[in-house]
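# Residue-level structure breakdown
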Number of protein chains: 2
Amino acid sequence: MDLRDAAGSTALLTDQYELTMLAAALGDGSATRRCTFEVFARRLPHGRRYGVVAGTGRFLDALARFRFGDAELEIAAGFLDAETVAWLRDYRFTGDIAGYPEGELYFPGSPVLSVTGTFAECVVLETLALSVLNHDSAIASAAARMVGAAAGRRMIEMGSRRTHEQAAPASARAAYLAGFDATSNLEAVRRYGVPGAGTSAHAFTLVHSGADGEHEIEAFRSQVAAHGTGTTLLVDTFDITRGVALAVEVAGPELGAVRIDSGDLGVLARQVRRQLDELGAVKTRIVVSGDLDEYAIAALRAEPVDAYGVGTQLVIGSGAPTAGMVYKLVEVDGVPVAKRSSHKESRGGAKRAVRSARDTGTIVEEIVYQATADRPAPDGYEVRELMVPLVRGGAVLDLPPLAVSRELVARGLVSLPWEGLKLSDGEPAVPTTFLA
Amino acid sequence: MDLRDAAGSTALLTDQYELTMLAAALGDGSATRRCTFEVFARRLPHGRRYGVVAGTGRFLDALARFRFGDAELEIAAGFLDAETVAWLRDYRFTGDIAGYPEGELYFPGSPVLSVTGTFAECVVLETLALSVLNHDSAIASAAARMVGAAAGRRMIEMGSRRTHEQAAPASARAAYLAGFDATSNLEAVRRYGVPGAGTSAHAFTLVHSGADGEHEIEAFRSQVAAHGTGTTLLVDTFDITRGVALAVEVAGPELGAVRIDSGDLGVLARQVRRQLDELGAVKTRIVVSGDLDEYAIAALRAEPVDAYGVGTQLVIGSGAPTAGMVYKLVEVDGVPVAKRSSHKESRGGAKRAVRSARDTGTIVEEIVYQATADRPAPDGYEVRELMVPLVRGGAVLDLPPLAVSRELVARGLVSLPWEGLKLSDGEPAVPTTFLA
């Protein structure tokens, strides 16, 4: 892709003030000061016990396309002086970025991303970095709770229609990262290799209706003819009991699955399971969907549900649609800086972080320390360094594939103390300690 | 733009099941049945009294780019037969679309979009239409409440960092449509011509700190040198009273504005106004920002605030991040169809809608009627037809510019009964009546 191409450039996915600050800093010489900016969340969303870092890979991809071509410069020239516009034309990030790898858990104050370079080259990345990380981390954090609630059953992401069309594939990616098995979103299949899923909606049954009434059986016959007996038939368009009977009549006991999208899913799943078993379709799976969130998923744990389709609540972060991360200047020419006018105080100085754990692997504490200090080594605990290099001298380093990041989420969830996995409102699963 | 270009195609912003249904329908002949699908919201978000239709323009733009090029067909070929893939290669929407114009108010059941054509050409548009309309309408609906609460004061959208990077310009557009004055998002400036705004963040003040302490005054001098005395200085990095004194010392009484981003904004606005007036800066405006929603905006109505900067709560729809609209098949070959297995029943038949009003202009009722029936004319009321043609025979008709849609929102809000503008939870401002 031509990086100066309008469709490819990410440079204007930016707040205007990043560039007005740049202009003033170029004017007074502060533009070249060596700075570190850090991304962190002051707190987790209400009641949440952990967060999942997501979006790092998408951010680094967007960073490589953060270039000002003619179209971008035309907008910049509308409110900036010629010197600043010329500087933007040559913009390349040449600094260093470290951070929590994608899929790592985070807690309040965890320095999930640390960006070091000149003030000018770092400040302009604020909006883009936060947009990506705040969105993807919010979705992954909600998704991880849902995956935990599903206790190993198949999870299908199907929320595309309830979020911005470009947020949809990013949501599918974040959900997959957090342990979902598949997505309905084809752009996520293409961009990120997430496995695709989906067979039919009520419209398909209804289009087989006519002036002479309903013909659900024709819809089922057509779908089985096109996609085989392993397909999933949607059985709740008219009457579920009749729908299940027709489905097995058409596909036989080899029918892959039936989907129920409405009603009391627990009661219906039990009824449908009994009916399927009586019809000999003992291997036919039951997929449920319809306004599911982590609580509804957990409530169905005792029911004969084989797979969950999750839409709206996944893509809106189940009540927390943004992770609330901020991008703060913490160090200038080696000196820690922080604002101090309010309760929103920041901690100055470039930081690093370790997580301590018992020898069982259960984590105990997040320890954030000054990058210039020795790594903490609390007696009797294992400690693991959390930040990894992501960009060095402007060059994006090789990132692990999504499958590896997915493993990291799974390992992280296993490392939580048991109360960290509770769905009820609570405190962060482990405390964060800030050393000086 | 080459419509077959990967970056330009919107065809995969689609759920997989739209294409598996297509394949089965092509197989059994139902693909060519003449169908009408309708987009509507079964209900408004909890407590809301009206919604604002937004995204129509973006959807029609995306429709023109709904084309399957080689990259899209490669994904489709992964789960579809050759006949279906060939059909997709030639896909062009050739049907008709009518709907509420962008900026129109809507209520539960309002048929905001009506898509008519063959089953095949219509069904594949479901996900894309809903993604765009659900996102943009959610943001515009929240924005309109905020604009109402601000009672004429300047509103700046600055939420880009708290939403997906591509949802950000769409949010800025929706906010502008609903009456916001400007956005921080530069991509929205480019794509949609929304006026840009923004001057500086705390990082700019902090980068002027050093080993010898704080130099807030240098930051202010630099910003005024670069952007003139009409700029907005951010005065709350360290101590607000001192910040205001330095700001006026540097810029003089011609200083454009000061921004306060933290603390008790009401108390601080009063203090700062008094201080500015005493310093002779009687025309210097006060901009407030920081976790504002419509309630916080309303609570500041009695304070000397000149402009609001709204971020997070705008882009997350102030508690309702998605509009919950659905896309339902309502008519097949002239026969109304509807599912009936649950409480989520739909009303069959292609519909149209009028809104009745008193001669004062205050609206009374939304009336949804069958397209084949006569237009309702309730005695003693004016009625206005709500749906307009948007696409005819596949050709997208000329849309009004954003400024005209913005006027429509403003007129719509004026037409509400007074309780419709209350921020408290309530019922829809007018009832929706469904005629047979």
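Keep in mind it's a predicted model, so treat the numbers as computed, not measured.

## Observations concerning the overall build of chain A
Within chain A one finds 15 helices and 19 strands. By principal-axis analysis of the C-alpha atoms, chain A measures approximately 80 × 60 × 35 Å. Considering only residue pairs separated by 6 or more positions, chain A has 73% of its internal contacts joining residues 24 or more positions apart. When the 44 positive and 55 negative side-chain charges of chain A are each reduced to one mean point, those points stand 3 Å apart.

## Some points on the state of the cysteines
Think of a disulfide as a covalent bridge from one cysteine sulfur atom to another cysteine sulfur atom. Residues and elements named next belong to chain B. One pass over the structure, following the stated rule, counts 0 disulfides over all chains. Here Cys35 stays unpaired: no disulfide links it, and the sulfur of Cys122, its closest cysteine neighbor, is 6.7 Å away. A residue is classified by how much of its surface remains accessible, and Cys122, at 0% relative accessible area, is buried.

## A few points about the pattern of salt bridges
Here the idea is simple: oppositely charged side chains can pair when their charged atoms come close. A full pass over the atoms with the stated rule returns 48 salt bridges over all chains. A salt bridge links Arg33 of chain A to Asp333 of chain A, with the shortest nitrogen-to-oxygen separation between them at 3.9 Å. On the criterion of sequence distance, the pair formed by Arg33 of chain A in the loop between helix H1 (16-28) and strand S1 (34-41) and Asp333 of chain A in the loop between strand S12 (325-332) and strand S13 (335-336) is long-range, its members being 300 residues apart. A relative accessible area of 26% places Arg33 of chain A in the partly exposed class. For Arg161 of chain A, the salt bridge is made with Glu126 of chain B, and the minimal N-O distance between the two is 2.9 Å. Here the residue Arg161 of chain A occupies a position in the loop between strand S6 (154-157) and helix H7 (167-177), and Glu126 of chain B occupies one in helix H6 (residues 126-150), the pair thus bridging two chains. On the basis of relative accessible area, Arg161 of chain A is assigned to the buried category, the value being 13%. Taken together, the salt bridges that share partners define one network made up of Asp15, Glu18 and Glu126 of chain A together with Arg161 of chain B.

## Things to note about unusual backbone geometry
Residues other than glycine predominantly adopt negative phi, and peptide bonds predominantly adopt the trans conformation. We note that Asp291 of chain A has phi near 55 degrees; this positive angle belongs to a residue other than glycine. In this structure Asp291 of chain A comes out as exposed when scored by relative accessible area, which is 65%. The phi dihedral of Asp333 of chain B is positive, around 45 degrees, even though this residue is not glycine.

## Examining the pairing of strand S15 (residues 363-370) of chain A
All names here are of chain A. S15 sits mainly inside the fold: 8 of its 8 residues count as buried. Bridge count for strand S14 (residues 351-357) against S15 is 7 bridges, and the pairing is antiparallel. Each bridged residue has a counterpart across the sheet, and for Val354 the counterpart in S15 is Ile367. If you look at the hairpin formed by S14 and S15, you'll find 5 residues sitting between the two strands, and Gly361 has a positive phi there, around 100 degrees. Note that S15 and strand S19 (residues 432-434) share 3 bridges and pair parallel. Each bridged residue has a counterpart across the sheet, and for Ile367 the counterpart in S19 is Thr433.

## A word on the sheet that holds strand S11 (residues 307-310) of chain A
A sheet is described by the order of its strands in space; here 6 strands give the open sequence S7-S6-S11-S10-S9-S8 (chain A), paired in parallel fashion. This sheet does not close on itself; its edge strands, each paired only once, are strand S7 (182-183) and strand S8 (232-234) of chain A.

## Things to note about the packing of aromatic side chains
Under the counting rule described, the total for this entry stands at 10 aromatic pairs over all chains. Judged by centre distance (6.1 Å) and plane angle (35 degrees), the ring pair of Phe37 of chain A and Phe119 of chain A falls under tilted. With a gap of 82 residues between them, Phe37 of chain A in strand S1 and Phe119 of chain A in helix H5 (residues 119-123) connect regions that are remote in the sequence. As far as the burial class goes, Phe37 of chain A and Phe119 of chain A line up, both buried. Their ring planes at 45 degrees and their centres at 5.5 Å tell us that Trp87 of chain A and Tyr91 of chain A sit as a pair that is tilted. A network of ring pairs unites the aromatic residues Phe66, Phe68, Trp87 and Tyr91 of chain A as a single cluster. In this structure, Arg173 of chain B is placed above the aromatic ring of Tyr192 of chain B, and the distance from its NZ or CZ to the ring centre is 5.4 Å.

What counts, and where the lines are drawn
Residues numbered from 1 in each chain as written. Chains lettered and ligands numbered in written order. Predicted model: local features only at pLDDT ≥ 70, side-chain atom pairs only at ≥ 80, totals over all residues. Heavy atoms only, no water. Helix = DSSP H or I, 4+ residues; strand = E, 2+ residues; numbered from the N terminus. Contact = heavy atoms within 4.5 Å. Lys, Arg positive; Asp, Glu negative; His and termini not counted. Charge placed at Lys NZ, Arg CZ, Asp CG, Glu CD. Disulfide = S-S within 2.5 Å. Buried < 20%, exposed > 50% of the residue type's maximum accessible area, 1.4 Å probe, protein only. Salt bridge = Lys/Arg side-chain N within 4 Å of Asp/Glu carboxyl O. Pairing = 2+ DSSP bridges. Phe/Tyr/Trp six-rings, centres within 6.5 Å; stacked < 30°, edge-to-face > 60°. Lys NZ or Arg CZ within 6 Å of the ring centre and 35° of its normal.

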